[in-house]
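Here's the letter readout for the chains.
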Amino acid sequence: MSWRYVWASAIGTAHRDLGLPCQDRGVVQIQHGSSEPEALVIAVADGAGSASAADRGAYLVTETLLTCVQQALNSGLRVADITSEDARAWIAEVVSCVQMQANAVGLPAREMAATALLAIATPQVVACIQVGDGVQVVRVDDRYEIALWPQNGEYASSTNFACDADAITATEVRIITGVIQDIAVMTDGVQALALHYASHTAHAPFFDALLPAVRNAPPGEDDSLNRALADFLDSVMVNDRTTDDKTLVMASRS
Amino acid sequence: MEQDQKPFIISADVASIFAENPSDRVACLLLVDTSSSMRGEPIRQLNEGVRFFREDLMADSKARISVDVGVIGFGPIQILQDFATADQFTPPLLPADGDTPMGGAVLRGLDMIEQRKNAYKASGIHYHRPWVFLITDGGPTDAWQAAAIAVRQAEEQKRATFFAIGVEGANFDILRQIAVREPVQLKGLNFRSLFLWLSASMKKVSQSQVGTELKLENPTGPTGWATTG
């Protein structure tokens with residue numbers, strides 16, 4: 001059975017009111033490697049609200065991650081063998097890319113600050129890599145597993161961004177093996193709807209409500225499903241609960 | 001897929017698909033001079049100001065459940081209101097009696113803030129950097145040097161943001177040694193404008209998002225409620 005996936009971003013009401021663009025980005029690709037015939041790759045980034053070119057930063061982060069993974073798969077990397085060193089090398093590449101681009105337009109790199117979330121999956125294993133907040137939830141062997149908890153400083157309005165050397169030490173990696181059924185990757189605008197903070201668990205009703213549409217979709221990607229997800233993310237019910245930009249990517253094999 | 005199928009539209013009665021998490025909090029601690037020198041119009045205006053503060057927070061749907069207000073009075077030192085959000089906070093009647101143990105009140109306040117943070121952590125509540133507001137019309141009658149060191153450390157470690165406001169007659173030389181930020185002087189007894197500013201600032205903090213820098217209105221501007229002390 002092959003992957004079905006859906007992805008969408010919706011601007012937050014606070015961003016719309018301030019005349020800011022949507023500074024989130026999410027992308028899904030099926031990539032082929034020399035030793036890994038097929039891998040699902042999800043890249044998500046959330047540009048910092050305070051950064052003037054945050055949307056550009058989020059674009060650079062996701063594009064660079066996709067390129068790094070494709071190159072590694074071309075050189076024979078298998079998902080099960082991904083190490084922290086691989087992850088840190090990719091984040092280092094992202095940081096240098098962001099710094100170069102910022103330099104080119106005369107901005108400090110922090111003006112392109114964005115988080116970096118990356119999931120690489122096969123039917124038997126998923127590698128999750130993360131700098132910053134947002135969350136990746138994996139349905140494996142019929143249970144929801146939080147791959148990595150959102151990175152926050154002591155205060156609610158602080159997190160890590162993939163724009164400086166600190167990002168490399170902040171890089172977290174989690175390899176989950178088992179029967180990989182579904183993967184959801186989201187920015188912090190969606191995370192409070194999907195996680196239960198006090199118990200540190202995934203809120204199953206959220207995923208149980210959204211994943212069936214993905215599971216029942218035709219293989220690959222479906223434009224109308226992407227539009228439906230964008231509508232959902234911009235619905236009153238969601239906007240009543242968050243004013244931030246929202247990105248949600250979901251993929252399913254079951 | 002057919003055009004009219006809306007796979008992600010969920011009717012309002014199943015809104016329980018969303019996790020219920022407590023609102024992010026910002027603790028705002030008022031350290032208020034309730035010594036005998038505040039008797040009469042000053043304490044009356046201060047009481048009015050605190051009531052107005054609560055009303056203004058209540059008018060904002062986010063702030064009313066996010067801003068945790070605590071009140072410590074000094075003269076003697078007592079917790080007049082433990083931290084509570086505006087919807088659960090009844091403004092205490094501030095007395096005006098006794099001397100001015102400001103140093104002890106500051107230490108008590110910083111301790112109260114750390115305890116509150118521990119309670120947030122234990123409940124998985126996200127929070128912003130707490131604010132402490134010291135309001136006085138006099139000078140400390142107790143040893144205040146330890147408090148000055150504690151405030152400096154709290155600021156350096158980003159544990160809290162500390163502001164000192166003097167009413168006319170306050171000892172600004174000592175306020176300057178306690179607070180890292182330049183203390184400001186309230187124009188007359190314009191507590192109402194002070195608390196309106198504080199409420200507006202708290203609303204901004206409670207709505208701030210990751211990586212967003214806060215820009216507060218300068219209270220010593222031409223239309224502000226204060227002058228430089």
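Structure: see above.
The residue numbers shown here count from 1 along each chain, following its written sequence. Naming scheme: in the order in which they are written, chains are lettered from A and ligands are numbered from 1. At least 70 in pLDDT is required for a residue's local features to be given in this predicted model, at least 80 for side-chain atom pairs to be given and counted, and no such filter applies to totals for whole chains, interfaces and linings, which use all residues. To get the side-chain values, take all heavy atoms of the structure and skip hydrogens and water.

So, the overall build of chain A
- Assigned secondary structure in chain A consists of eight helices and 13 strands.
- Each radius of gyration is computed over the set of C-alpha atoms, and the globule rule expresses the reference value as 2.2 Å times the number of residues to the power 0.38. For chain A, the C-alpha radius of gyration of 17 Å lies close to 18 Å, the compact-globule estimate for 254 residues.
- Expressed along its principal axes, the backbone C-alpha trace of chain A runs to roughly 45 × 45 × 35 Å.
- Each residue's exposure class comes from its accessible area (1.4 Å probe, protein chains only) as a fraction of the maximum for that residue type: buried when under 20%, exposed when over 50%, partly exposed otherwise. The burial tally for chain A puts 57% of its 254 residues in the buried class.
- Taking contacts inside chain A between residues at least 6 apart in sequence as the whole, the part at least 24 apart equals 72%. Secondary structure elements are defined from DSSP: runs of H or I of at least 4 residues count as helices, runs of E of at least 2 residues count as strands, and each element is numbered from the N terminus. Contacts: residue pairs with any heavy atoms within 4.5 Å of one another.

Some thoughts on the overall build of chain B
- When helices and strands are counted, chain B shows six helices and seven strands.
- Scanning chain B from its N terminus toward the C terminus, one meets helices and strands in the order β-α-α-β-β-α-β-α-β-α-β-α-β.
- Based on the C-alpha atoms only, the size of chain B along its principal axes is roughly 75 × 35 × 30 Å.
- Considering chain B as a whole, with its 229 residues, one finds that 53% of them fall into the buried category.
- Restricting to contacts in chain B with at least 6 residues of sequence separation, those with at least 24 account for 74%.
- Element-wise, carbon and sulfur atoms account for 49% of the exposed surface of chain B, whose accessible area totals about 10,100 Å².
- With 23 positive and 27 negative side-chain charges, chain B shows a separation of 2 Å between the mean positions of the two kinds. Only the protein chains shown count as cover for residues, and the accessible areas themselves come from Shrake-Rupley with a 1.4 Å probe. Only four residue types enter the charge count, namely Lys and Arg as positive and Asp and Glu as negative; His and the chain termini do not. Where a charge sits is defined by one atom per residue type, namely NZ (Lys), CZ (Arg), CG (Asp) or CD (Glu).

Section: the sheet that holds strand β5 (residues 125-131) of chain A
Residues and elements named next belong to chain A.
- Between any two strands, pairing holds if DSSP finds at least two bridges. On the basis of which strands lie adjacent, the open sheet formed by five strands has the order β2-β3-β4-β5-β8 and antiparallel pairing. Because the sheet does not close on itself, it has two edges, and the strands there are β2 (24-31) and β8 (172-177). With direction set aside, neighbouring strand axes in the sheet form an average angle of 10°.
- The strands that helix α2 (residues 54-74) touches are β2, β3 (39-46) and β4 (116-121); relative to β2, the one it contacts most, it runs at about 15°. Angles run from 0 to 180 degrees between N-to-C directions of axes, and those axes are lines fitted to C-alpha atoms, restricted for helices to the stretch in contact.

Side note on the interface of chain B and chain A
- Chain B puts 33 residues into the contact, and the matching count from chain A is 41 residues.
- In what follows, salt bridge is the name for a side-chain nitrogen of Lys or Arg lying within 4 Å of a carboxyl oxygen of Asp or Glu. Inspection of the region where chain B meets chain A yields one salt bridge.
- Within 3.5 Å is the distance limit for a polar contact, defined as a pair of N or O atoms, with the added protein rule that one can donate a hydrogen and the other accept it, and that residues adjacent in sequence qualify only through two side-chain atoms. The tally of links between chain B and chain A comes to 14 residue pairs in polar contact (both at pLDDT 80 or more).
- Three classes are used, and their members are as follows: Ala, Val, Leu, Ile, Met, Phe, Trp, Tyr, Cys and Pro are nonpolar, Asp, Glu, Lys and Arg are charged, and the others, Gly among them, are polar. Grouping the amino acids of the side of chain B that touches chain A by side-chain chemistry returns 13 nonpolar, 12 polar and eight charged.

Some details on the pattern of salt bridges
All names here are of chain B.
- This model, assessed by the stated rule, comprises 20 salt bridges over all chains.
- Residue arginine 51 is joined to glutamate 48 by a salt bridge in which the shortest nitrogen-to-oxygen separation is 3.1 Å. Pair noted here: arginine 51 and glutamate 48 are both in helix α1 (residues 41-58), with a separation of three residues, about one helical turn.
- With a relative accessible area of 36%, arginine 51 lands in the partly exposed category.
- You can call glutamate 48 partly exposed: its relative accessible area is 38%.
- Across the salt bridge formed by arginine 181 and glutamate 155, the nearest N and O atoms sit 2.7 Å from each other.

A short note on the packing of aromatic side chains
- Ring pairs shown here join Phe, Tyr and Trp side chains whose ring centres sit within 6.5 Å, with only the six-membered ring taken for Trp; geometry is labelled stacked below 30 degrees between planes, edge-to-face above 60, and tilted in between. Across all of its chains, the model carries 15 aromatic pairs over all chains by this definition.
- A connected cluster of aromatic rings, assembled from ring pairs, spans Tyr144, Phe206, Phe207 and Phe232 of chain A together with Phe18 of chain B.
- Two conditions define a charge sitting above a ring: the NZ of Lys or the CZ of Arg must be within 6 Å of the ring centre, and it must be within 35 degrees of the ring normal. Above the plane of the ring of tyrosine 144 of chain A lies arginine 139 of chain A, whose end atom (NZ or CZ) is 4.5 Å from the centre.
- Arginine 192 of chain B extends its terminal NZ or CZ atom over the ring of phenylalanine 52 of chain B, reaching a point 3.9 Å from the ring centre.

Thoughts on the pairing of strand β7 (residues 143-148) of chain A
Residues and elements named next belong to chain A.
- With respect to burial, β7 is a largely interior element, five of its six residues being buried.
- Bridge analysis of strand β6 (residues 135-140) against β7 gives five bridges, and the strand direction is antiparallel. Counted as the bridge partner of valine 138 is glutamate 145 from β7.
- Taking the residues between adjacent antiparallel strands as the criterion, β6 and β7 are bridged by two residues, where aspartate 141 takes a positive phi near 45°.

Some words on unusual backbone geometry
- Cis geometry is found at the peptide bond from glycine 75 of chain B to proline 76 of chain B, where omega equals 0°.
- Turning to its location among the elements, proline 76 of chain B is positioned in the loop between β2 (67-74) and β3 (78-85).
- With phi around 55°, histidine 200 of chain A is a residue other than glycine that occupies positive phi space.
- Position of histidine 200 of chain A among the secondary structure elements: in the loop between β10 (195-196) and β11 (201-202).

A word on α1 of chain B
Residues and elements named next belong to chain B.
- Spanning 18 residues, α1 covers 26 Å between terminal C-alpha atoms, matching the ideal 26 Å at 1.5 Å per step.
- If you check which residues of α1 are buried, you get Pro42, Ile43, Leu46, Asn47, Gly49, Val50, Phe52, Phe53, Asp56 and Leu57.
- Check the buried side of α1 and you find it contacts β1 (26-33), α2 (63-66), β2, β4 (131-136) and α6 (191-207). Helix span, as expected, comes to 1.5 Å for every residue beyond the first.

So, the sheet that holds strand β5 (residues 161-166) of chain B
Residue and element names in this part refer to chain B.
- If you trace the seven strands from one edge of the open sheet to the other, you get β3-β2-β1-β4-β5-β6-β7, paired in mixed fashion. Each having just a single partner strand, β3 and β7 (226-228) make up the two edges of the open sheet. If you compare each strand with its neighbour and ignore which way they point, the axes differ by 25° on average.
- With respect to the sheet, α1 is in contact with β1, β2 and β4, its orientation differing from that of β1 by roughly 170°.
- Sheet strands in contact with α6 are β1, β2, β4, β5 and β6 (184-186), and its direction is about 175° off that of β4.

Re the side chain of threonine 115 of chain A
Residues and elements named next belong to chain A.
- Looking at the secondary structure, you find threonine 115 in the loop between α3 (84-104) and β4.
- Within the structure, threonine 115 has its side chain in polar contact with the backbone nitrogen of aspartate 46 (distance 2.9 Å).
- If we ignore the near neighbours within four places in the chain, the residues touching threonine 115 are Val44, Ala45, Asp46, Val61, Val131, Gly132, Asp133, Thr159, Asn160 and Phe161.

Regarding the environment of alanine 89 of chain A
All names here are of chain A.
- Inspection of the secondary structure puts alanine 89 in helix α3.
- Assessed through its relative accessible area of 44%, alanine 89 is described here as partly exposed.
- Put simply, alanine 89 and serine 50 are 39 residues apart on the chain and 27 Å apart in space, counted from C-alpha to C-alpha.

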